[in-house]
Amino acid sequence: MVKGYKKFLYYFIPILLILMSSYCIFNGYIWQDEAFSIALSKKSILEIMKISMNDVHPPLYYIILKFGISILNPFINNIQISSKIVSFIPYILMHIISITLIEKLFGKFTSFLFSIFSLGMPVFLTYAIEIRMYSYSYLFVTLTMIYTLKIIEEKNSVNFIYLGIFTVLSLYTHYFSALACVIIYAILMIYLILKDSKKLKLFFTTSFLISLSFTFWLYNFIQSLSSRIASDFWIQKPSLKDIISYVKFPFSLMKLNFISYFLIIITYMIIIFSFKKIKKYIIYFPFSILFILTTIGTLISIFIKPIFINRYMIVALGCFWLSISLMINYSFNSKQKYVISTIYLILSIFVIGDRIIMEKFYKNELKKLENAIEKYDLNIVTDEMGIQLPLSIYFPNKIILNINNNGMDYMFDNIKNTTVDELKKENIIILKNTSILDLNDYEIIDQFYLDNVGKLNIMKKLSK
């Protein structure tokens with residue numbers, strides 16, 4: 001009876017978490033970068049490759065998104081929701097990986113914990129419903145880590161093939177995924193030299209073939225990196241506050257901050273206890289990836305050029321939570337494991353609840369915007385990329401007039417460059433900098449919140 005109950009919980013709880021989280025997909029609210037992803041996915045593969053060469057991210061996610069939208073959108077008929085489903089796929093796959101690869105390698109308890117951590121801890125869900133490449137970076141780097149551990153634990157040479165495949169996918173998804181893989185390979189190489197030299201030939205062959213596969217994009221990567229170093233970039237040099245935020249980032253929530261602090265205390269207590277009690281290298285290998293990646297990104301940003309922000313940590317968060325799962329499994333007795341897993345499970349409900357609260361808020365803000373705009377057969381005038389890009393996706397049949405030429409008209413068919421003189425005509429006006437007009441001539445229709453921009457007034461000229 002007890003065994004059957006445990007088996008039920010093992011399979012049912014993760015599915016329950018997935019079902020709760022899936023609520024967050026069905027919200028068309030997006031921000032600037034997500035709008036860019038959707039616009040780029042509408043281009044041909046050749047155009048995606050060409051535009052990505054001038055972007056700060058490789059092209060794989062945009063190609064995945066393009067194919068995903070082409071399959072889903074004819075049925076759903078909402079490009080934002082179709083795109084979010086594409087980004088949500090890795091979230092579901094992480095549970096499948098838990099009950100297959102992780103269970104086979106480390107047993108049911110570690111598998112269950114890792115599933116709870118992947119599905120119910122902060123950050124991953126946030127980025128699994130964002131139309132960006134972060135959920136796929138999380139997936140591919142985690143799989144690279146898992147097959148690295150399989151190479152250490154098993155004698156099956158096929159593991160090197162899978163290692164190579166997921167490494168290449170990581171390289172073409174995000175440049176910090178590439179850095180995470182370089183760190184993994186460096187540590188694996190040291191281990192093989194010291195402990196298992198018979199596998200070095202396969203390791204170096206795999207590494208060579210991966211390098212060869214990335215040669216196609218390497219020149220562009222170097223060019224992009226050089227141009228970012230030479231020119232101004234939106235990322236700022238990290239302050240002490242930013243560095244402290246890196247510690248909190250894996251536990252960050254939007255509303256229920258007390259849950260974040262509870263998670264920080266529990267998790268770091270587990271890490272400290274495990275460090276003191278267990279000296280098993282395989283437990284700490286995945287944990288080290290996040291620490292080293294964050295350290296390298298921070299040092300480069302301080303001493304060379306700012307290129308790192310906390311959300312880039314997500315590429316190695318799967319490795320982090322895999323380590324925490326192993327620490328709990330190896331460091332505590334059965335009763336302690338039960339208590340700890342129960343605490344994390346309860347907290348995961350609050351974490352998903354926090355995201356649902358935010359999605360309800362965003363959905364309401366989008367509804368206010370749609371109700372205000374659709375009353376009038378007018379164009380929309382904006383002055384900020386963070387406003388015009390989402391609006392161009394929300395209202396594909398309206399012209400978005402941009403009074404600050406930022407070059408985005410080549411990406412969005414309904415964005416047109418114009419001048420301040422356009423304000424003299426009757427349009428819907430949504431501006432970040434309202435000092436460019438006389439507010440006495442306008443009435444506020446409504447207000448709405450736009451992520452990465454803030455609270456904005458929706459205005460139109462007063463009727464005379």
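Scroll up a little and you will see the structure.
As the structure is a computational prediction, the values presented were derived from the model and not from experiment.

Engineer: Tell me about the pairing of strand 6 (residues 454-461), and name the residues and values.
Structural biologist: Relative to strand 6, strand 4 (residues 428-430) runs antiparallel, the two sharing 2 bridges. The residue of strand 6 that forms the bridge with Ile429 is Met459. With 8 bridges joining them, strand 5 (residues 442-450) and strand 6 adopt antiparallel strand pairing. Along strand 6, the bridge assignment pairs Asp446 with Ile458. In this structure, the hairpin formed by strand 5 and strand 6 is closed by a connection of 3 residues, where Asn452 is found at a positive phi of approximately 75 degrees.

Engineer: Let's hear about the state of the cysteines: which residues, and what values?
Structural biologist: Per the stated rule, a full pass over the model turns up 0 disulfides. Left without a disulfide partner, Cys181 is nearest to the cysteine sulfur of Cys319, which lies 8.5 Å away. For Cys181, a relative accessible area of 2% puts it in the buried group.

Engineer: Can you lay out helix 2 (residues 32-41) for me, pointing to particular residues and giving the numbers?
Structural biologist: For helix 2, the tally of buried residues reaches 10 of 10 residues, placing the bulk of the element in the interior. When helix 2 is considered as a whole, its buried residues turn out to be Gln32, Asp33, Glu34, Ala35, Phe36, Ser37, Ile38, Ala39, Leu40 and Ser41. In this fold, the buried residues of helix 2 make contact with helix 3 (45-52), helix 4 (60-76), helix 5 (79-106) and helix 17 (385-394).

Definitions and cut-offs
- Residues numbered from 1 in each chain as written.
- Predicted model: local features only at pLDDT ≥ 70, side-chain atom pairs only at ≥ 80, totals over all residues.
- Heavy atoms only, no water.
- Pairing = 2+ DSSP bridges.
- Helix = DSSP H or I, 4+ residues; strand = E, 2+ residues; numbered from the N terminus.
- Disulfide = S-S within 2.5 Å.
- Buried < 20%, exposed > 50% of the residue type's maximum accessible area, 1.4 Å probe, protein only.
- Contact = heavy atoms within 4.5 Å.

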